[in-house]
Amino acid sequence: DAKSEGRSTYRFFEPQMDQRLQARRALELDLRGALEHGEFELHFQPLVNLTSRKIICFEALVRWAHPERGLVPPSEFIPVAEEIGLIVPIGEWILRQACSEAMHWPEDISVAVNLSSIQFQRSNVVRTVSQTLLETGLPANRLELEITETVLLQESDETLTSLHALRALGVRLSMDDFGTGYSSLNYIRRFPFDKIKIDQCFVQDVATNKDSLTIVHTIVALGRSLEMTTTAEGVETQEQLTMLRAAGCAEAQGSLFGMPTPASGVAALLQKPNPVPDIRSGR
Ligand code: C2E
Ligand code: MG
Ligand code: MG
Ligand code: MG
């Protein structure tokens with residue numbers, strides 16, 4: 001309302017706000033040089049199949065090795081990169097890097113790459129993906145693209161066309177962080193996803209909170225009826241895993257199986273015979 005607007009306008013002139021603005025401008029400036037200075041790197045986190053107990057995919061997660069600040073998490077710079085449009089070249093670098101890295105892995109291991117909704121709005125994402133696959137030699141069926149509900153919010157025919165075109169290339173589409181956005185169940189039905197990733201906020205207390213457990217069961221049932229796989233994100237404990245398995249969740253990801261690691265750590269993870277811990281039946 002007008003009153004709170006007035007207050008925030010006032011705050012704008014406070015020295016504290018000025019400092020924040022300056023910090024933000026400095027971050028923007030550093031971000032503009034980060035790509036050419038080679039400051040980005042990818043870490044990889046395993047996704048495991050809960051039936052075969054094997055690693056089936058690694059999700060690429062970007063890190064910014066800032067010369068003074070150290071490793072900057074994506075939550076701090078992705079939103080800024082999106083705002084100033086830099087996410088397009090950064091996203092193209094991430095995709096190429098992830099696909100090239102996956103070429104060193106066994107043929108049955110896929111790579112998952114996060115796409116920002118800005119990449120759909122401000123670039124030809126279909127062309128970027130098809131060119132990157134050609135140039136790196138990665139077969140399309142080894143690439144999964146993770147997209148959040150914000151992409152669907154635009155609700156444009158163009159987005160829908162792009163998603164269908166991506167799928168026609170042979171890549172798989174995952175709905176990331178499902179349950180946290182604003183999209184209705186009607187949306188998900190209309191979009192061609194192969195996989196739903198259950199957000200970690202539901203997974204976190206699935207073993208202690210009845211509502212979260214109900215939500216997980218509901219998402220798995222939804223996935224099943226729409227012929228989509230379900231992956232649980234942020235699985236940290238054996239108790240959570242037991243509940244997720246009982247709910248019929250097909251795949252999982254989280255610290256219980258391994259946190260994101262630099263590319264050099266992937267081989268060691270693949271050598272572990274059973275990344276999915278045993279479940280003691282308790283009966
Ligand atoms: P996301 O795609 O949902 O990625 C999962 C996040 O959960 C990652 O955080 C991962 O490190 C974290 N995580 C995984 N397992 C656990 C666990 O057991 N416990 C906890 N507490 N956390 C866990 P990260 O790497 O900081 O990434 C955060 C978000 O930043 C991502 O969420 C994604 O939305 C965005 N992001 C990361 N990399 C990229 C990228 O290359 N491109 C784009 N567009 N966005 C990215
Ligand atoms: Mg993701
Ligand atoms: Mg996620
Ligand atoms: Mg997330």
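An unreviewed UniProt entry annotates the chain as EAL domain-containing protein of Chelatococcus albus.

Asker: Mind showing me how you'd approach helix H8 (residues 157-169) here?
Answerer: Residue pairs spaced three or four apart in an α-helix point in one direction, given the helix's 3.6 residues per turn. Helix length check: H8, at 13 residues, gives a terminal C-alpha distance of 18 Å against a target of 18 Å (1.5 Å per residue), a fit within 8%. Taken residue by residue, H8 has Thr 159, Ser 162, Leu 163 and Leu 166 as its buried positions. Looking straight down H8, one finds its buried side chains confined to an arc of 100 degrees; they lie on one side. Opposite the buried face of H8, by more than 90 degrees, sit the exposed residues Asp 157, Thr 161 and Ala 168. For H8, the elements touching its buried residues are helix H5 (117-122), helix H6 (125-136), strand E5 (143-147), helix H7 (149-153) and strand E6 (172-178). Once H8 finishes, Gly 170 follows within two positions and takes phi at roughly 105 degrees, a positive value.

Asker: What is the right way to read the site of ligand 1 from this model?
Answerer: Around ligand 1, the structure places 22 residues, and the nearest of them are Gln 45, Arg 63, Asp 177, Glu 236 and Ser 255. Arg 63 places a polar side-chain atom, nitrogen or oxygen, 2.9 Å from an oxygen atom of ligand 1. The contact in question runs from an oxygen atom of ligand 1 to an N or O atom on the side chain of Gln 200, over 3.2 Å. In the complex, the protein chains occlude 80% of the 800 Å² of accessible area that ligand 1 would expose alone. Of all the cavities here, the one that holds ligand 1 is the largest pocket. Of all the elements in the fold, those that place two or more residues in the shell around ligand 1 are strand E2 (55-66), helix H3 (74-83) and E6. The residue makeup of the shell around ligand 1, split by class, is eight nonpolar, seven polar and seven charged.

Asker: Would you mind showing me how to read the coordination of the magnesium ion (ligand 2) here?
Answerer: Ideal geometry at a metal centre: 109.5 degrees between donors when four sit tetrahedrally, and 90 or 180 degrees when six sit octahedrally. Taken together, Glu 59 (OE), Asn 114 (OD1), Glu 146 (OE) and Asp 176 (OD) make up the protein donors of the magnesium ion (ligand 2), found 2.0 to 2.2 Å from the metal. Written as a sequence motif, the donor residues of the magnesium ion (ligand 2) are E-x54-N-x31-E-x29-D. A separation of 3.8 Å is found between the magnesium ion (ligand 2) and the magnesium ion (ligand 3), which share Asp 176 as a coordinating residue. Of the two residues, Glu 59 sits in strand E2 while Glu 146 sits in strand E5, which places them 87 residues apart along the sequence. The class for Glu 59 is buried, based on a relative accessible area of 4%. Here Glu 146 falls in the buried class, since its relative accessible area comes to 1%.

Asker: Any chance you could explain the coordination of the magnesium ion (ligand 3) here in plain terms?
Answerer: Around the magnesium ion (ligand 3), the protein contributes the donor atoms Asp 176 (OD), Asp 177 (OD), Glu 233 (OE) and Glu 233 (OE), at 2.0 to 2.6 Å from the metal centre. In primary sequence terms, the donor set of the magnesium ion (ligand 3) follows D-D-x55-E. The exposure class of Glu 233 is buried, given its relative accessible area of 9%.

Asker: Help me out: how do you make sense of the packing of helix H11 (residues 210-225) against helix H12 (residues 238-247) in this one?
Answerer: Axis angle and axis distance: for two packed helices, these are the angle between their axes and the distance between the axes, and together they describe the pair. Closest axis-to-axis distance for the H11/H12 pair is 9 Å, and the angle between their directions is 40 degrees. By the angle class used here, H11 and H12 are oblique. Between H11 and H12 lies a crossing whose hand is right-handed. In this structure, H11 uses Leu 213, Val 216, His 217 and Val 220 to contact H12, whose residues at the interface are Met 243, Leu 244, Ala 246 and Ala 247. Class assignment for the residues of the contact of H11 with H12 results in seven nonpolar, one polar and no charged.

Asker: I keep staring at unusual backbone geometry and nothing clicks. Help me out?
Answerer: The bulk of non-glycine residues show a negative phi, and the bulk of peptide bonds are trans. With a phi angle near 55 degrees, Asp 177 is a residue other than glycine that sits in the positive phi range. Along the chain, the position of Asp 177 falls in strand E6. Asp 177 sits in the partly exposed class, given a relative accessible area of 25%. Here the phi dihedral of Glu 227 falls at roughly 55 degrees; this positive angle occurs in a residue that is not glycine. Within the secondary structure, Glu 227 sits in the loop between H11 and strand E8 (229-232). Taking relative accessible area as the criterion, Glu 227 reaches 73% and is therefore assigned exposed.

The rules behind each value
Residues numbered from 1 in each chain as written. Chains lettered and ligands numbered in written order. Predicted model: local features only at pLDDT ≥ 70, side-chain atom pairs only at ≥ 80, totals over all residues. Heavy atoms only, no water. Helix = DSSP H or I, 4+ residues; strand = E, 2+ residues; numbered from the N terminus. Expected span 1.5 Å × (residues − 1). Buried < 20%, exposed > 50% of the residue type's maximum accessible area, 1.4 Å probe, protein only. Arc of directions from axis to C-beta. Contact = heavy atoms within 4.5 Å. Near = heavy atom within 4 Å. Polar contact = N/O pair within 3.5 Å; in protein donor to acceptor, adjacent residues only side chain to side chain. Areas by Shrake-Rupley, 256 points an atom, 1.4 Å probe, with all protein chains shown as cover. 1 Å grid on protein atoms, 1.4 Å probe; cavity = no way out; pocket = protein on both sides within 12 Å on 5 of 7 lines; lining within 4 Å. Sits in = over half its atoms within 2 Å of the grid points. Nonpolar A, V, L, I, M, F, W, Y, C, P; charged D, E, K, R; others polar. Donors = N, O, S within 2.8 Å, 3.2 Å for Na, K, Ca; no water. Axes fitted to C-alpha atoms, helices over the stretch in contact; angles between N-to-C directions. Parallel < 35°, antiparallel > 145°, perpendicular 65-115°, else oblique. Left-handed = near helix turned anticlockwise from the far one by under 90°.

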